[in-house]
Amino acid sequence: LMTTAYNVDNAGDIIKDMSTGKASTPFVRGAGHVDPNRAVDPGLVYDAGADDYFSFLCALGYTAEQIAVFKTRDDPAVDCSARTASAGDHNYPAFSAVFNSTDGEVTQRRVVRNVGSNVEATYTPSVRVPAGVRVMVKPRKLRFSVFKQKTEYEITFIARGAGCAAEKYTFGSIAWSGGEHKVTSPIAITWPVSQVAVM
């Protein structure tokens, strides 16, 4: 639903924020309007099962006892000390990076599965870069085959330095295109208030 949604209204403008009348951000509209016809054939999907969510909760600092509330009897015990993934690596079709200063970098990883009719599909990325960062995507192409239906990619956000962003939040997106499919994920970058104030 998220990766096939659209962000424009019937006049072709970005969906408005009802409270301000200005163009909305992903914090207001989410991924956008649901497009049921495209959602039936999304091309790529971001799978996330119970174990992915347990790793996410561990990365957020939840204890095994707290996580047990979410488990079923069939789920194995969760040992957070054995899980090394960061919260940013949760296999969710959106990206959010928080910078504590105007330098540094954040890398996040995702795994996508090809569910399109073309099992030999190749996808290439296009990035609408949020203000204040450079973006690197590896690999530059996602290639699928009968024997390789899933693949991993990583996206790195590199802060451009002091004065690089004039707002507390900047937004963009990454879209993977493969023939008839376009798989889009929103990106949100959060900047430290102290740095934004002096920019």
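Our subject is the structure that appears above.
Below or above, wherever it landed, is the structure these notes cover.

Thresholds, definitions, all that
Counting from 1, residues in each chain are numbered in the order their sequence is written. Residue-level local features of this predicted model are given only where pLDDT is at least 70; pairs of side-chain atoms are given and counted only at 80 or more, and the full residue set underlies all totals for whole chains, interfaces and linings. Where side-chain values are given, they derive from all heavy atoms of the structure, hydrogens and water being excluded. Strands here are runs of E lasting at least two residues and helices are runs of H or I lasting at least four, both read from the DSSP assignment and numbered beginning at the N terminus. Note on exposure labels: buried denotes an accessible area under 20% of the residue type's maximum, exposed denotes more than 50%, and partly exposed covers the range between, all computed with a 1.4 Å probe on protein chains only. By definition here, a salt bridge exists when the distance from a side-chain nitrogen of Lys or Arg to a carboxyl oxygen of Asp or Glu is within 4 Å. Patch members must show over 30% relative accessible area and no salt bridge, and they are joined within 9 Å when carrying like charges or within 5 Å when they are nonpolar side chains of Val, Leu, Ile, Met, Phe, Trp or Tyr. We get accessible surface area from the Shrake-Rupley algorithm with a probe of 1.4 Å; when it comes to residues, only the shown protein chains can shield them. By the counting scheme adopted, Arg and Lys are positive, Glu and Asp are negative, and His together with the chain ends is not counted. Where a charge lies is defined by one atom per residue type: Lys uses NZ, Arg uses CZ, Asp uses CG and Glu uses CD. By the convention used here, strands pair only if DSSP detects at least 2 bridges between them. Under the pairing criterion, centres of Phe, Tyr and Trp rings, with the six-membered ring standing for Trp, must be within 6.5 Å; the plane angle then separates stacked pairs below 30 degrees from edge-to-face pairs above 60, leaving the rest tilted. In this text, buried Ala, Val, Leu, Ile, Met, Phe, Trp, Tyr and Cys residues form a nonpolar core when linked through side-chain atoms within 4.5 Å. Note on contacts: a residue pair is in contact if any heavy atoms of the two residues lie within 4.5 Å.

1. With respect to the overall build of the chain
Move 1: Across its full length, the chain carries five helices and nine strands.
Move 2: In sequence order, the secondary structure elements of the chain are arranged as α-α-β-α-α-β-β-β-β-β-β-β-β-α.
Move 3: The C-alpha extent of the chain, read off along each of the three principal axes, is 50 × 40 × 35 Å.
Move 4: Here the chain holds 199 residues, and the buried ones make up 37% of them.

2. Remarks on the pattern of salt bridges
Move 1: Taken as a whole and assessed by the stated rule, the structure comprises four salt bridges.
Move 2: Among the ionic pairs, Arg113 bridges to Asp47, the shortest N-O distance being 2.6 Å. Taken together, the residues Arg113 in strand β3 (residues 105-114) and Asp47 in the loop between β1 (44-45) and α3 (50-59) connect sequence positions 66 residues apart.
Move 3: Looking at Arg113, the relative accessible area reads 28%, which means it is partly exposed.
Move 4: Here the salt bridges do not stand alone but share partners, grouping Asp89, Arg109 and Glu154 into one network.

3. Comments concerning a positive patch on the surface
Move 1: Together, Arg140, Lys141, Arg143 and Lys148 line one region of the surface with positive charge.
Move 2: Inspection of the secondary structure puts Arg143 in strand β6 (residues 142-143).

4. Digging into the sheet that holds β3
Move 1: The strand order across the open sheet formed by four strands is β1-β3-β7-β5, and the pairing between neighbours is antiparallel. On the outer flanks of this sheet lie β1 and β5 (133-138), each paired with one strand and no other.
Move 2: In the sheet, β5 pairs with strand β7 (residues 150-159) via six bridges, with the strands oriented antiparallel. What sits directly across from Val137, in β7, is Ile155.

5. Focus on the packing of aromatic side chains
Move 1: Within the structure shown, the criterion is met by seven aromatic pairs.
Move 2: Centroid distance Phe95 to Phe157: 6.4 Å. Interplanar angle 65°. Geometry classified as edge-to-face. Here Phe95, found in strand β2 (residues 95-98), pairs with Phe157, found in strand β7; they are 62 residues apart in sequence, far enough to count as distant.
Move 3: With a centroid separation of 5.1 Å and an interplanar angle of 15°, the aromatic rings of Phe99 and Trp191 are classed as stacked. Of this pair, Phe99 sits in the loop between β2 and β3 while Trp191 sits in the loop between β9 (181-190) and α5 (193-197), and the two are 92 residues apart along the sequence. Comparing Phe99 with Trp191, the two get one shared label, buried.

6. Some words on the nonpolar core
Move 1: In terms of nonpolar packing, the biggest core is built from 25 residues, with Phe99, Tyr153, Phe157 and Trp176 touching the most fellow members.
Move 2: Among the secondary structure elements, those contributing two or more residues to this core are β2, β3, β5, β7, β8 (169-178) and β9.
Move 3: It is β7 that provides the largest number of residues to this core, a total of four residues.
Move 4: Filtering out sequence-adjacent residues up to four positions away, Tyr153 remains in contact with Tyr46, Phe95, Gln108, Arg109, Arg110, Val112, Val137, Lys138, Pro139, Leu142, Ile174 and Trp176.
Move 5: Ranked by size, the runner-up nonpolar core spans five residues in total, among them Phe54, Leu57, Cys58 and Val78.

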